[in-house]
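Coordinates in review
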Amino acid sequence: MSIASTNLRAARALPWGALGVAALALACAPFFTLGLQSLGAAWSTPEYSHGPLIPLISLYLFARELRHAPPASAHQSRWQGIVVIMAALGVATFGNLAQIPDIVTYALIGWLMGVVLLIMGWQAGQRHWKPVLHLVFMLPLPQILYWKLTIVLQLISSELGVMLVRAFDIPVFLSGNVIDLGVYKLQVAEACSGLRYLFPILSFSYLFGILYRGPFWHKAVLFVMAAPLTIALNSLRIGVVAILVNSYGIGQAEGFLHVFEGWVIFGAAIAILSLTAVGLQRLTPDPRPLSEALDLDYRRFAPEMRRLASIAPSRALMVALGLAALATTALIALPRPETITPQRSDFSTFPRAIDGWRGETRALEPETAKVLGASDYLNAIYASPDRATAVNLFVAWYGDQTGGAGIHSPEVCLPVGGWEVSNFAPRTLTLPDRAPFEVNRAVITKGLNRQLVYYWFDERGVAMTSDWRAKLSVIVDGITRGRTDGALIRYVTPIGADEDISVADARLAKFIARSLPQMREYVPD
């Protein structure tokens, strides 16, 4: 046998298809670097620490499904995969320009689906959407959704936990998410809101739904019950901690027991899902034991994984690789919008005397300031000239609202402190030397205390009442103007016991008219 013949056979033996896919991944890597970096940071937090397991489970599901898939045919239509890949790169480009990692990570999942369609063809590839969709559970929620969901779960968990404590005849008072046991107070913090368990249990429920052998509505029940199950078990956990603290002291809420209870809750959720699967089987004419109701056959896992290394090269793969190389070249050459950091004064120099009103600044608690995440903030109490009334002026300014940083709406945060929000509605303010603009107006109540609140989002000189609109404006202005700064401005005044609310309205409007012009050098237009 000649040397040339030997070399030719060796070249044919190389996994050219797998090498082509690897080259495609390398060519597209610059599109997803921002998202992958954000993903790594999210996985280091307790809420998303399960993230690294999700791709492994998805890979298992994909290999498992290959058992029933015929070998890919050279005649399969693959152009749909090219379209999906290029669309995903377009979305990732937008995410990179806007510097929003969440957009990039969701584009990555779309890109992976495109690769599956490209390798396997449309007919075979479209059947494998379930393992790809499972990857959603490794992604962090957008911050605006995260905070809204966190607060809701905190309040629900606190309410149910307190109900359990009262069932044991233990006196307890709930104010927002603070459980007051008299001697001790427990704060239902973000880490205990239920999110730590919600996402992995949702993932596990989705996995149950895929592996479960039964009617579709059974699968739907297993998946839908994950959220209420997580909340119920987390409430049980909070209640048990409160009971232990009441009996044995605050140390029972910290350290190993705190973590151990978390694992117990996760294990209990899996056990309940398993029992539910067994119960659903009893509703079928031929019920199966759990070992058979779940398709856990992994005996052919290794052979199917080896199939991934024998991907046949195709013209569509070469076209996708060429287009990806061109797109990456364009991305690198694309001029990035210059990030503009506006010149502004530090809030430490904000006037403490404004037309007779005298102010006193107050620092936030370190934990509160950490959650707020503002670049600079002002928290000041201004007394009126007659000293009879006061107004709290709070401003949180963010130099950059991308990458997970951003404003937290008082509409979400106030209930956590035990305040009940009523009469929430927009109100138009007409001030001298400024066009009329809308603010959010609300009356908040805690016990016998009532306060009037005005707040809005100042997004580069534009007043907005919607946190969603404010977030969208950051994306648009980040691309078109290179500006992603913004601020939350909030004014609060107490409502006297015998005071008409219109008097409080007039007081806030008067102080806003005097103080807002001072704000321009601290919150740039």
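Quantities reported herein were computed from a predicted structural model and do not represent experimental measurements. (Residues numbered from 1 in each chain as written. Predicted model: local features only at pLDDT ≥ 70, side-chain atom pairs only at ≥ 80, totals over all residues. Heavy atoms only, no water.)

**A word on the overall build of the protein**
A count of helices and strands for the protein gives 19 helices and 12 strands. The long-range fraction of contacts in the protein, counting pairs at least 24 apart against all pairs at least 6 apart in sequence, stands at 72%. (Helix = DSSP H or I, 4+ residues; strand = E, 2+ residues; numbered from the N terminus. Contact = heavy atoms within 4.5 Å.)

**Describing the packing of helix H4 (residues 79–98) against helix H5 (residues 101–120)**
Two elements in contact, H4 and H5, have axes whose closest approach is 8 Å; the angle formed by their N-to-C orientations is 165 degrees. Here H5 runs roughly antiparallel to H4, going by the angle between their axes. As for how H4 packs across H5, the hand of that crossing is left-handed. Where H4 abuts H5, its residues Gly81, Ile82, Val84, Ile85, Ala88, Leu89, Val91, Ala92, Phe94, Gly95 and Asn96 lie against Ile103, Val104, Ala107, Gly110, Trp111, Met113, Gly114, Val115, Leu117 and Leu118. (Axes fitted to C-alpha atoms, helices over the stretch in contact; angles between N-to-C directions. Parallel < 35°, antiparallel > 145°, perpendicular 65-115°, else oblique. Left-handed = near helix turned anticlockwise from the far one by under 90°.)

**Details of the pairing of strand S5 (residues 357–361)**
When strand S4 (residues 353–354) meets S5, the two strands line up antiparallel, connected through 2 bridges. Bridge assignment links Ile354 to a residue of S5, and that residue is Trp357. The antiparallel pairing of S4 with S5 creates a hairpin that spans 2 residues between the two strands, and Asp355 there sits at a positive phi of about 50 degrees. Here 4 bridges tie S5 to strand S6 (residues 376–383), and the two strands are oriented antiparallel to one another. Opposite Glu360, over in S6, you have Ile381 as the bridge partner. (Pairing = 2+ DSSP bridges.)

**A look at the packing of aromatic side chains**
Each aromatic ring pair is specified by the distance between its two centres and by the angle formed by the two planes. Summed over the entire model, instances satisfying the criterion amount to 15 aromatic pairs. With 5.5 Å between their ring centres and 55 degrees between their planes, Phe137 and Tyr206 make a pair best called tilted. Of this pair, Phe137 sits in the loop between helix H7 (129–134) and helix H8 (143–167) while Tyr206 sits in helix H9 (residues 195–211), and the two are 69 residues apart along the sequence. For the pair shown, Phe137 and Tyr206 are each scored as buried. (Phe/Tyr/Trp six-rings, centres within 6.5 Å; stacked < 30°, edge-to-face > 60°. Buried < 20%, exposed > 50% of the residue type's maximum accessible area, 1.4 Å probe, protein only.)

**Examining the pattern of salt bridges**
For side chains bearing opposite charge, pairing can occur when the charged atoms are close. Throughout the structure, instances matching the rule amount to 8 salt bridges. A salt bridge links Arg460 to Glu459; the shortest N-O distance between them is 2.8 Å. Each member of the pair, Arg460 together with Glu459, is buried. The partner of Asp477 in a salt bridge is Arg460, with the nearest N and O atoms 2.7 Å apart. (Salt bridge = Lys/Arg side-chain N within 4 Å of Asp/Glu carboxyl O.)

**Some words on the packing of helix H10 (residues 216–224) against helix H11 (residues 226–248)**
Two elements in contact, H10 and H11, have axes whose closest approach is 5 Å; the angle formed by their N-to-C orientations is 35 degrees. Residues Leu222, Phe223 and Val224 of H10 form the contact with H11, whose own contacting residues are Ala226, Ala227 and Pro228. Taken together, the residues of the contact of H10 with H11 sort by class into 6 nonpolar, no polar and no charged. (Nonpolar A, V, L, I, M, F, W, Y, C, P; charged D, E, K, R; others polar.)

**What to know about the confidence of the model for the protein**
Keep in mind that low pLDDT regions are not for reading the predicted coordinates in detail. With 84% of its residues at a pLDDT of 70 or more, the protein has an overall mean of 82. Predicted confidence for residues 3–14 stays below pLDDT 50, and this span has 3 contacts to residues more than four positions away or in other chains. (pLDDT = per-residue confidence, 0-100.)

**Some thoughts on a nonpolar patch on the surface**
A contiguous nonpolar patch, built from Val152, Ile156, Leu160 and Met163 and spanning about 340 Å² of accessible area, is present on the exposed surface. Taking relative accessible area as the criterion, Met163 reaches 54% and is therefore assigned exposed. (Patch = residues over 30% accessible without salt bridge, like charges linked within 9 Å, V, L, I, M, F, W, Y side chains within 5 Å. Areas by Shrake-Rupley, 256 points an atom, 1.4 Å probe, with all protein chains shown as cover.)

**Looking at the pairing of strand S12 (residues 486–494)**
The element S12 is largely enclosed, with a buried count of 8 among its 9 residues. Sheet topology note: the strand S7 (residues 390–398)/S12 ladder contains 7 bridges and is antiparallel. Bridged to Phe394 within S12 is Arg490. Sheet topology note: the strand S10 (residues 449–459)/S12 ladder contains 8 bridges and is antiparallel. Note that in S12 the partner of Gln451 across the bridge is Pro494.

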